[in-house]
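Working through the structure, step by step
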Amino acid sequence: MTQKPTPSWHGVMPYLVSPLTAHGEVNTEVLARLVDDLIGAGVHGLSPLGSTGEFAYLNPAQRLAVVQATVAAAKGRVPVIPGVASCATQDAVAQARTYEAAGADGILAIMEAYFPVGDDGVVAYFQSIAEAVSLPVVLYTNPNFQRSDLSLPAIERLSHVPNIVAIKDASFNTGRLLSIMARVQGRMDVFAASAHIPAAVMLIGGKGWMAGPACLLPRQSVQLYELCRAQQWPEAMALQRQLWGINQVFAQYNLAACVKGGLRMQGYDVGNPVPPQAPLSEAGRQAVRQVLERLGALPNQGG
């Protein structure tokens with residue numbers, strides 16, 4: 001495996017939605033427009049096939065189409081880091097190799113599990129993905145949803161794999177993030193996985209965040225990142241408190257439904273969530289619209 005230089009990834013990397021037609025085809029035209037607009041708003045990277053991208057609900061052809069369309073639209077302007085997820089190591093390795101061949105700049109490695117898996121199996125899964133490609137790899141850990149999560153000892157072991165360069169932690173726990181940083185000793189960068197706590201993560205040494213809300217609020221998210229980078233913490237926290245409203249809505253309704261519903265209000269025909277997920281309810285639409293209006297993120301508001 002030819003090793004690529006360690007990237008200097010940082011900043012706001014939105015989780016992209018996967019726009020689908022009523023017949024289940026990827027709407028590449030809408031995805032390309034969304035990608036172009038997000039890059040124009042200043043985001044620092046793009047992550048298709050994350051939770052917001054409904055990776056668990058798409059078939060292999062749909063997932064590959066999303067990656068190919070994102071890479072084509074990005075045109076090398078920002079890194080594209082698609083999610084790779086499976087219960088089986090062999091399948092995850094195949095996905096990673098396919099996305100590398102499609103032009104991805106990195107891999108966001110996610111572990112699904114039906115039965116619990118011990119630390120040795122977890123480490124072997126992620127290490128196999130990393131060793132199968134020449135791309136930088138970001139680990140994803142979400143103890144709120146994953147049956148077999150990455151423990152601190154497992155993270156430390158994986159930090160010694162040369163092309164595992166970062167971890168995206170969705171525990172919402174800054175104490176856990178501090179423990180991770182102490183364990184990896186600079187061998188991996190740390191990204192927030194939620195828009196709940198990006199300012200706090202930046203304060204303790206994080207590099208940025210990968211999260212779905214940035215799809216709806218890219219300019220505001222980039223502004224928050226710049227405030228954090230300039231260490232203007234009072235101003236950053238004031239903006240963080242404003243952005244918290246969108247997370248409160250997401251916590252009440254389905255994530256993909258909220259992001260897709262909000263994007264439709266912004267003029268992107270991204271379709272509904274993949275069944276059996278339900279479209280955003282009328283109450284949900286009202287809640288999302290109110291937050292986006294308050295944050296100046298709807299058309300003709302200058303946001």
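Here, every reference points to the structure presented above.
So, a few notes on the structure that sits alongside this text. Within any chain, residue numbers begin from 1 and follow the written order of that chain's sequence. The predicted origin of the model limits local features to residues at a pLDDT of at least 70 and limits the giving and counting of side-chain atom pairs to 80 or more, whereas totals for whole chains, interfaces and linings rest on all residues. Each side-chain value is derived from all of the structure's non-hydrogen atoms; neither hydrogens nor water enter the calculation.

Moving on, we come to helix α6 (residues 174-184). Taken as a whole, α6 has its buried residues at Arg176, Leu177, Ile180, Met181 and Val184. Angularly, the buried residues of α6 cover 140° about the axis, an arc narrow enough to put them on a single face. Any two residues having at least one pair of non-hydrogen atoms within 4.5 Å are treated as being in contact. Segments assigned H or I by DSSP are reported as helices when at least four residues long, segments assigned E as strands when at least two residues long, and all are numbered from the N terminus. In this structure, the buried residues of α6 make contact with β4 (137-141), α5 (152-158), β5 (164-169), β6 (189-192) and α7 (198-203). Counting of polar contacts relies on pairs of N or O atoms within 3.5 Å, with two restrictions inside protein: one atom must be capable of donating a hydrogen and the other of accepting it, and residues adjacent in sequence are counted only when both atoms are side-chain atoms. Structurally, the start of α6 carries an N-cap: the backbone nitrogen of Gly175 is 2.8 Å from a side-chain oxygen of Asn173. At the C-terminal side of α6, Gln185 shows a positive phi close to 50°. The cut-offs for exposure are 20% and 50% of the maximum accessible area for each residue type, with area from a 1.4 Å probe on protein chains only; residues under the lower value are buried, those over the upper are exposed, and the others partly exposed. By construction, the arc corresponds to the directions joining the helix axis to the C-beta atoms.

Mapped onto the fold, Asn27 is located in the loop between β1 (11-14) and α1 (28-40). A distance of 3.2 Å separates a polar side-chain atom of Asn27 from the backbone nitrogen of Val30. Once residues lying within four places of it in the same chain are set aside, the contact partners of Asn27 are Pro19, Leu20, Thr21 and Asp269.

Classification of ring pairs uses Phe, Tyr and Trp, with its six-membered ring standing for Trp, and accepts pairs whose centres are within 6.5 Å; under 30 degrees between planes counts as stacked, over 60 as edge-to-face, and the remaining range as tilted. Inspection of the entire model under this criterion finds 3 aromatic pairs. A centroid spacing of 4.9 Å and a plane angle of 90° characterise the contact between Tyr114 and Phe115, whose relative ring orientation is edge-to-face. Residue Tyr114 is classed as exposed on the basis of its relative accessible area of 64%. Since its relative accessible area comes to 60%, Phe115 is described here as exposed. Geometrically, the ring pair formed by Trp209 and Tyr225 is edge-to-face, given 6.3 Å between the ring centres and 65° between the ring planes. Here Tyr225 lies in helix α9 (residues 218-229) and Trp209 lies in strand β7 (residues 208-211), a separation of 16 residues in the sequence.

Let us now look at the packing of helix α11 (residues 255-265) against helix α12 (residues 282-294). Any two packed helices are characterised by the angle at which their axes cross and by the distance between the axes. Here the axes come from fitting lines to C-alpha atoms, over the contacting stretch only for helices, and the angles between their N-to-C directions go from 0 to 180 degrees. As a packed pair, α11 and α12 sit with axes 10 Å apart at the nearest point and diverge in direction by 60°. Overall, the two elements α11 and α12 adopt an arrangement that is oblique. As α11 runs across α12, the sense of the crossing is right-handed. For the pair α11 and α12, the contacting residues are Cys258, Gly262 and Met265 in the first and Arg285, Val288, Arg289 and Leu292 in the second. Amino acids outside the nonpolar list (Ala, Val, Leu, Ile, Met, Phe, Trp, Tyr, Cys, Pro) and the charged list (Asp, Glu, Lys, Arg) are all regarded as polar, and Gly is one of them. Its residues assigned to classes, the contact of α11 with α12 shows 4 nonpolar, 1 polar and 2 charged. Any angle that falls under 35 degrees is termed roughly parallel, while one over 145 is termed roughly antiparallel, one within 65 to 115 roughly perpendicular, and all others oblique. By definition, turning the near helix anticlockwise from the far helix through less than a right angle yields a left-handed crossing, and turning it clockwise yields a right-handed one.

For the rest of this paragraph, the subject is helix α10 (residues 233-252). One less than the number of residues in a helix, times 1.5 Å, gives the span that helix is expected to have. With 20 residues, α10 should cover 28 Å at 1.5 Å per step; its first-to-last C-alpha distance of 28 Å lies within 8% of that length. At Gln242, α10 shows its strongest bend, of approximately 30°. When we look at burial in α10, the residues that qualify are Ala236, Leu239, Gln240, Leu243, Gly245, Ile246, Asn247, Val249 and Phe250. Where α10 is buried, its residues meet α7, α8 (213-216), α9, α11 and α12. Values of bend correspond, residue by residue, to the angle between axes fitted over the seven residues ending at that residue and the seven starting there.

What follows is about unusual backbone geometry. Following Pro275, the chain continues to Pro276 via a peptide bond in cis, the omega torsion being 15°. Relative to the elements of secondary structure, Pro276 occurs in the loop between α11 and α12. One non-glycine residue with positive phi stands out, namely Leu49, at about 65°. Relative to the helices and strands, Leu49 resides in the loop between α1 and α2 (60-74). We classify Leu49 as buried; its relative accessible area is 0%. Positioned with a positive phi, Gln231 is a non-glycine residue whose angle comes to about 60°. Mapped onto the elements, Gln231 comes out in the loop between α9 and α10. Among the residues examined, Gln231 registers a relative accessible area of 57% and is labelled exposed.

The next thing to look at is the nonpolar core. Judged by nonpolar contacts, the single largest core of 111 residues is most densely connected at Leu46, Phe126 and Leu292. Here the element with the most residues in this core is helix α4 (residues 119-132); it accounts for 7 residues. Among residues more than four places away in sequence, those in contact with Phe126 are Ala109, Ile110, Met111, Leu139, Tyr140, Leu150, Leu158 and Ile164. Buried Ala, Val, Leu, Ile, Met, Phe, Trp, Tyr and Cys residues form a nonpolar core when they are joined through side-chain atoms within 4.5 Å.

With that settled, the discussion passes to the pairing of strand β2 (residues 83-86). Side-chain alternation along β2 places Gly83 and Ala85 on one buried face and Val84 and Ser86 on a second face that is also buried. One ladder, built from 4 bridges, connects β2 with strand β3 (residues 107-111); its direction is parallel. When the sheet's bridge partners are listed, Gly83 is paired in β3 with Leu108. Handedness is read with the strands pointing away from the viewer; a crossover is right-handed when the path from the first strand over the helix to the second is clockwise. In the classification by handedness, the crossover that spans β2, the intervening helix α3 (residues 89-101) and the parallel β3 is right-handed. In short, DSSP must find at least two bridges between two strands for them to pair.

This brings us to the sheet that holds β4. The strand order β1-β7-β6-β5-β4-β3-β2 describes an open sheet built from 7 strands, whose pairing is parallel. Edge positions in the sheet fall to β1 and β2, since each has one partner strand and no second. Each strand axis lies, on average, 30° off the axis of its neighbour in the sheet, ignoring direction. By the bridge criterion, 2 bridges tie β6 to β7 in an arrangement that is parallel. Its bridge partner lying in β7, Ala192 is registered against Trp209. This element, α6, spans β4, β5 and β6 of the sheet and lies at about 165° to β5. Sheet strands in contact with α9 are β1 and β7, and its direction is about 155° off that of β1.

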